[in-house]
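# Observations on the three-dimensional arrangement
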Amino acid sequence: MQSLFAMKQKQSVDLDTEIKFLKNSLSQSRILFLVNLDLLTSIHNYAEEALIANKRKKLATKEEKNPNTKFINNAVLKLIGNNTELADSIDKQKINFWHLDDEYVKILYKEIIESDLYKEYMESDIDSFKADKLFILDIFKEIIAPNDKLFDYFEDKKLSWVDDIPLINTALVNFFKKLKASDDEDLPLPNLVKDTDDLTFATDLFRKTKLAEKELEGAIDGKTPNWDQERIAKLDQIMLQLAICEFLKFPSIPVKVTINEYLEIAKEYSTAKSSIFINGILDKLSKEYIEQGTLNKIGRGLL
């Protein structure tokens, strides 16, 4: 959707270049995932350095001389910090942002240690991998993910990341939830694009929708007698075109799945009334296509 919208805005006709950009955007999403993991590692390292520095003070307090090391010994932070794939990826792709931009590490560390979550965790007698994991989940969801300064930083680094952030945050939460005490440094990190089939689907949907643009516009025109193409929001046009393309050119995707997914996208990205407008058109079109036998869906329950 975003790639088609950008292509329309630029009035570009170079499909191959836009597909290359689409594939690059998908790969950049995983980089954002890795950068967030590395942020946790950097916070952990900073905490350890601060602890050592405090112990070396000439006038160190009793607490500084004998600090609570529960955060430093958090098993999940250690597991992430020792992950070989993360270290290799950060090095090879040169995405060690937090080495230069360590002020964000310090800001987040300060927010963490001043939080009630941190105090409760450090004072708890429960010492287990599960407790460590729940703590990391809590600070990520309550402190790191909602941080406005971090959001602005990612936006400045790469504008396309703004729309990826919710997806990546969800992927990180799911990743943390699945961690086990038996995992080691060779734990494989998830790919956001599951496999080559996913990538093929994305590029096929993009290409087929763009190539059939006039045909799809005609289908929309026939269902909006009181609205010409100029009066329909550009983003709504694109969502309708994508959905109709799935109706007609992707036999394995159930009609209901297509409608539901584009309604969710409309709620997230378009106007308040867009989902109602889109639902009405897609519902009407799908019923007509079924009557005409145009859908040609493969398998039971796909209509």
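Report follows, based on the coordinates. What you are looking at is a predicted structure, and each value in this text was computed from that prediction instead of being measured. (Residues numbered from 1 in each chain as written. Predicted model: local features only at pLDDT ≥ 70, side-chain atom pairs only at ≥ 80, totals over all residues. Heavy atoms only, no water.)

Attention shifts here to unusual backbone geometry. For residues besides glycine, phi is generally negative; the peptide bonds are generally trans as well. At Gln11, a residue that is not glycine, the phi angle is positive and equals roughly 55 degrees. The phi torsion at Lys94 lies on the positive side, around 50 degrees, for a residue other than glycine. One can find Lys94 in the loop between α5 (84-92) and α6 (97-100). (Helix = DSSP H or I, 4+ residues; strand = E, 2+ residues; numbered from the N terminus.)

With that out of the way, let us pick up the nonpolar core. Counting 52 residues, the largest nonpolar core has Leu37, Ile43, Phe71, Trp98, Phe154 and Phe176 as its most contacted members. Looking at this core, the element that brings in the most residues is helix α2 (residues 15-55), giving 11 residues. Not counting chain neighbours up to four residues away, the residues in contact with Trp98 comprise Val35, Asp38, Leu39, Ser42, Tyr104, Val105, Leu150, Tyr153 and Phe154. Membership of the second largest hydrophobic core comes to 33 residues, among which are Leu240, Tyr262, Ile278 and Tyr289. (Core = buried A, V, L, I, M, F, W, Y, C linked by side-chain atoms within 4.5 Å. Buried < 20%, exposed > 50% of the residue type's maximum accessible area, 1.4 Å probe, protein only. Contact = heavy atoms within 4.5 Å.)

With that out of the way, let us pick up the side chain of His44. Positionally, His44 belongs in helix α2. Relative accessible area serves as the criterion here: at 7%, His44 is assigned to the buried category. Leaving out residues up to four positions away in the same chain, His44 has contacts with Phe71, Ile72, Leu77 and Lys78.

Bringing the packing of aromatic side chains into the picture now. Scanning the entire structure with this criterion turns up 18 aromatic pairs. Their ring planes at 80 degrees and their centres at 5.3 Å tell us that Tyr46 and Tyr109 sit as a pair that is edge-to-face. Taken as a pair, Tyr46 in helix α2 and Tyr109 in helix α7 (residues 102-113) lie far apart in primary sequence, 63 residues in all. Tyr109 sits in the buried class, given a relative accessible area of 14%. An angle of 55 degrees between the planes, with centres 5.9 Å apart, marks the rings of Phe175 and Phe176 as tilted. With respect to burial, Phe175 and Phe176 carry one shared label: buried. A network of ring pairs unites the aromatic residues Tyr46, Phe71, Tyr109, Tyr118, Tyr121 and Phe135 as a single cluster. Sitting above the plane of the Phe97 ring, Lys157 keeps its charged end 4.5 Å from the centroid. (Phe/Tyr/Trp six-rings, centres within 6.5 Å; stacked < 30°, edge-to-face > 60°. Lys NZ or Arg CZ within 6 Å of the ring centre and 35° of its normal.)

The subject of this paragraph is the packing of α7 against helix α9 (residues 129-144). Orientation of α7 relative to α9, taken along the N-to-C sense of each, is 115 degrees, at an axis distance of 11 Å. By the angle between their directions, the pair α7 and α9 is classed as roughly perpendicular. Handedness of the α7/α9 crossing: right-handed. Touching Leu108, Glu111 and Ile112 of α7 are Phe135, Ile139, Ile143 and Ile144, all from α9. Classifying every residue of the contact of α7 with α9 by side-chain character gives 6 nonpolar, no polar and 1 charged. (Axes fitted to C-alpha atoms, helices over the stretch in contact; angles between N-to-C directions. Parallel < 35°, antiparallel > 145°, perpendicular 65-115°, else oblique. Left-handed = near helix turned anticlockwise from the far one by under 90°. Nonpolar A, V, L, I, M, F, W, Y, C, P; charged D, E, K, R; others polar.)

Turning next to a negative patch on the surface. A grouping of Asp116, Glu120, Glu123, Asp138 and Glu142 is seen on the molecular surface, where their side chains present a negatively charged patch. Of all the secondary structure elements, the ones that give two or more residues to the negative patch are α8 (116-123) and α9. Residue contributions to the negative patch peak at 3 residues, all from α8. Its place among the elements puts Glu120 in helix α8. (Patch = residues over 30% accessible without salt bridge, like charges linked within 9 Å, V, L, I, M, F, W, Y side chains within 5 Å. Areas by Shrake-Rupley, 256 points an atom, 1.4 Å probe, with all protein chains shown as cover. Salt bridge = Lys/Arg side-chain N within 4 Å of Asp/Glu carboxyl O. Lys, Arg positive; Asp, Glu negative; His and termini not counted. Charge placed at Lys NZ, Arg CZ, Asp CG, Glu CD.)

Once that is clear, we can look at helix α16 (residues 274-292). The end-to-end C-alpha separation of α16 is 27 Å, in line with the 27 Å expected for 19 residues at 1.5 Å each. When α16 is considered as a whole, its buried residues turn out to be Ser274, Ser275, Ile278, Ile281, Leu282, Leu285, Ser286 and Tyr289. Buried residues of α16, viewed axially, fall in a sector of 135 degrees; they line one side. With respect to the buried face of α16, the exposed residues turned more than 90 degrees away are Ile276 and Glu291. Gly293 occupies a position one or two residues after α16 and carries a positive phi of about 75 degrees. (Expected span 1.5 Å × (residues − 1). Arc of directions from axis to C-beta.)

Turning our eyes to something else, we now look at the layout of surface pockets. Taken as a whole, the largest pocket holds about 1500 Å³ of empty space. Around the largest pocket sit 34 residues that line it, and Met1, Gln2, Leu22, Leu26 and Leu167 are the ones nearest its centre. Listing elements by their share of the lining of the largest pocket, those giving two or more residues are α1 (2-10), α2, α11 (161-178), α12 (196-211), α14 (234-249) and α15 (255-269). Tallied by class, the residues present in the lining of the largest pocket amount to 23 nonpolar, 5 polar and 6 charged. Considering only enclosed or pocket space, the second largest pocket measures out at about 380 Å³ in volume. In terms of lining, the second largest pocket is formed by 15 residues, of which the most central are Asn54, Glu63, Pro67, Tyr109 and Tyr118. Elements represented by at least two residues in the lining of the second largest pocket include exactly α2, α3 (62-65), α7 and α8. Looking at which element gives the most residues to the lining of the second largest pocket, the answer is α2, with 4 residues. Residues that form the lining of the second largest pocket fall into these classes: 10 nonpolar, 3 polar and 2 charged. (1 Å grid on protein atoms, 1.4 Å probe; cavity = no way out; pocket = protein on both sides within 12 Å on 5 of 7 lines; lining within 4 Å. Points joined across faces, edges and corners; volume = space filled by probe spheres on them.)

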